Amino acid sequence: MPYIEFKNVCKEYKMGEVIIKALDNTNFSIEKGELVVIVGPSGAGKTTALNILGGMDSITSGDVIVDNKNISKLKNKELIKYRREDIGFVFQFYNLVQNLTAIENVELATQICKDSLSPDEIMEKVGLKDRKNNFPSQLSGGEQQRVAIARAIAKNPKLLLCDEPTGALDYKTGKQILKLLQDTSRKEKMTVLIITHNAAIAPMGDKVIRFKNGKAESVEINESPTPIEEIEW
Ligand SMILES: Nc1ncnc2c1ncn2[C@@H]1O[C@H](COP(=O)(O)OP(=O)(O)OP(=O)(O)O)[C@@H](O)[C@H]1O
Ligand SMILES: [Mg+2]
């Protein structure tokens, strides 16, 4: 059985009289340890799908199975446990705790989980060893995004969900972060999902899911994904 299964998932938002179908009968599956790249136009439902997988949004109908759990049917307490122990999430706009330093933001996340990785090591890997005692307001947008990525990876979650993790980063830093995500998925057997607007990086994924109009329009499997170092864009 696949690690993740999205089965006939619909997500509707009611805006007064109008119903918006963010997800319209979406189906896809993901194996454990896969690095998945999700692409598709704005409004296609990518963030909605990621938020649902992260236990942060409910569905209108269908089933979402993660690691043999039907997360669409979890009770509130079980959902909290799921988010805390199984999920690392990198938001499009970092969401750091402003009155904690960079390293404290990472430590905070690791304190609530069992098999966390060393915050200091991860800070070094994202290239922020020398900035770890700075507060978010003292860091650039790209640096804050790297703290957010460090925080998600340091939890050593089973499932790492990244919503445009490199949107705020320059070319070189972005590539460094994608390499960290590719290496982490290999080394820690972590299942990693990355939403991106940059279709050029799709070959780095073991699987590429293309969203269109609330549907996973196509799913492509790369037998031999390209190391990110070899991709230019
Ligand atoms: N809370 C909400 N209330 C109403 N409509 C919403 C809500 N969240 C998302 N939508 C709508 O659902 C659709 C899918 O949105 P979603 O954020 O998943 O798109 P996306 O593929 O992530 O787009 P982008 O690439 O721009 O981030 C859009 O039409 C959006 O306006
Ligand atoms: Mg989005």
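The present account deals with the structure reproduced in this document. The structure presented is a predicted model; accordingly, all values stated were derived computationally and were not measured.

**Description of the overall build of the protein chain**
The helix and strand tally for the protein chain stands at 6 helices and 10 strands. Relative to a compact globule of 233 residues, whose C-alpha radius of gyration would be 17 Å, the protein chain shows 17 Å and is just as compact. Seen through its C-alpha atoms, the protein chain measures out along the principal axes to roughly 50 × 40 × 35 Å. Expressed as a percentage of its 233 residues, the buried residues of the protein chain come to 50%.

**A word on the site of ligand 1**
Neighbouring residues of ligand 1: 13 residues in total, closest Ser42, Gly43, Lys46, Thr47 and Thr48. One of the backbone nitrogen or oxygen atoms of Ala44 is found 3.1 Å away from an oxygen atom of ligand 1. Between Lys46 and ligand 1, the recorded distance is 2.7 Å, taken from a side-chain N or O atom to an oxygen atom. Computed on the free molecule, ligand 1 has an accessible area of 640 Å², of which 65% lies beneath the protein chains in the complex. Every element with two or more residues in the shell around ligand 1 is listed here: β1 (4–15), β2 (18–30) and α1 (46–53). Taken together, the residues of the shell around ligand 1 sort by class into 6 nonpolar, 6 polar and 1 charged.

**Quick word on the packing of helix α5 (residues 141–154) against helix α6 (residues 171–187)**
Where α5 meets α6, the closest approach of the two axes is 12 Å, and the angle between their N-to-C directions is 5°. Put simply, α5 runs roughly parallel to α6. For the pair α5 and α6, the contacting residues are Arg146, Ile149 and Ile153 in the first and Thr173, Ile177, Leu180, Leu181 and Thr184 in the second.

**Quick look at the environment of Glu164**
Mapped onto the elements, Glu164 comes out in the loop between β7 (159–163) and α6. Residues Glu164 and Val126, spaced 38 residues apart in sequence, show a C-alpha to C-alpha distance of 16 Å. The residues contacting Glu164, other than those within four sequence positions of it, are Gln92, Gln145, Ile195 and His197. Here the side chain of Glu164 touches His197 through a polar contact of 3.0 Å, side chain to side chain.

**Quick look at the side chain of Gln145**
Along the polypeptide, Gln145 turns up in helix α5. Setting aside chain neighbours within four positions, we find Gln145 in contact with Val90, Phe91, Gln92, Tyr94, Glu164, Pro165 and Leu169.

**Let's talk about the pattern of salt bridges**
Considering all chains together, one arrives at 15 salt bridges under this definition. Between Asp24 and Lys215 there is a salt bridge, with the nearest N and O atoms lying 3.2 Å from each other. Taken together, the residues Asp24 in strand β2 and Lys215 in strand β10 (residues 215–221) connect sequence positions 191 residues apart. Classification of Asp24 by relative accessible area gives partly exposed; the value is 23%. The partner of Lys132 in a salt bridge is Asp120, and the shortest N-O contact between them spans 2.7 Å. One end of the pair, Lys132, is in the loop between α4 (119–125) and α5; the other, Asp120, is in helix α4, and 12 residues separate them in sequence. Via salt bridges that share partners, Asp67, Lys69, Asp86 and Lys158 belong to a single interconnected network.

Reading the values: the criteria
- Residues numbered from 1 in each chain as written.
- Chains lettered and ligands numbered in written order.
- Predicted model: local features only at pLDDT ≥ 70, side-chain atom pairs only at ≥ 80, totals over all residues.
- Heavy atoms only, no water.
- Helix = DSSP H or I, 4+ residues; strand = E, 2+ residues; numbered from the N terminus.
- Rg over C-alpha atoms; globule rule 2.2 N^0.38 Å.
- Buried < 20%, exposed > 50% of the residue type's maximum accessible area, 1.4 Å probe, protein only.
- Near = heavy atom within 4 Å.
- Polar contact = N/O pair within 3.5 Å; in protein donor to acceptor, adjacent residues only side chain to side chain.
- Areas by Shrake-Rupley, 256 points an atom, 1.4 Å probe, with all protein chains shown as cover.
- Nonpolar A, V, L, I, M, F, W, Y, C, P; charged D, E, K, R; others polar.
- Axes fitted to C-alpha atoms, helices over the stretch in contact; angles between N-to-C directions.
- Parallel < 35°, antiparallel > 145°, perpendicular 65-115°, else oblique.
- Contact = heavy atoms within 4.5 Å.
- Salt bridge = Lys/Arg side-chain N within 4 Å of Asp/Glu carboxyl O.

Structural measurements only, silent on function.
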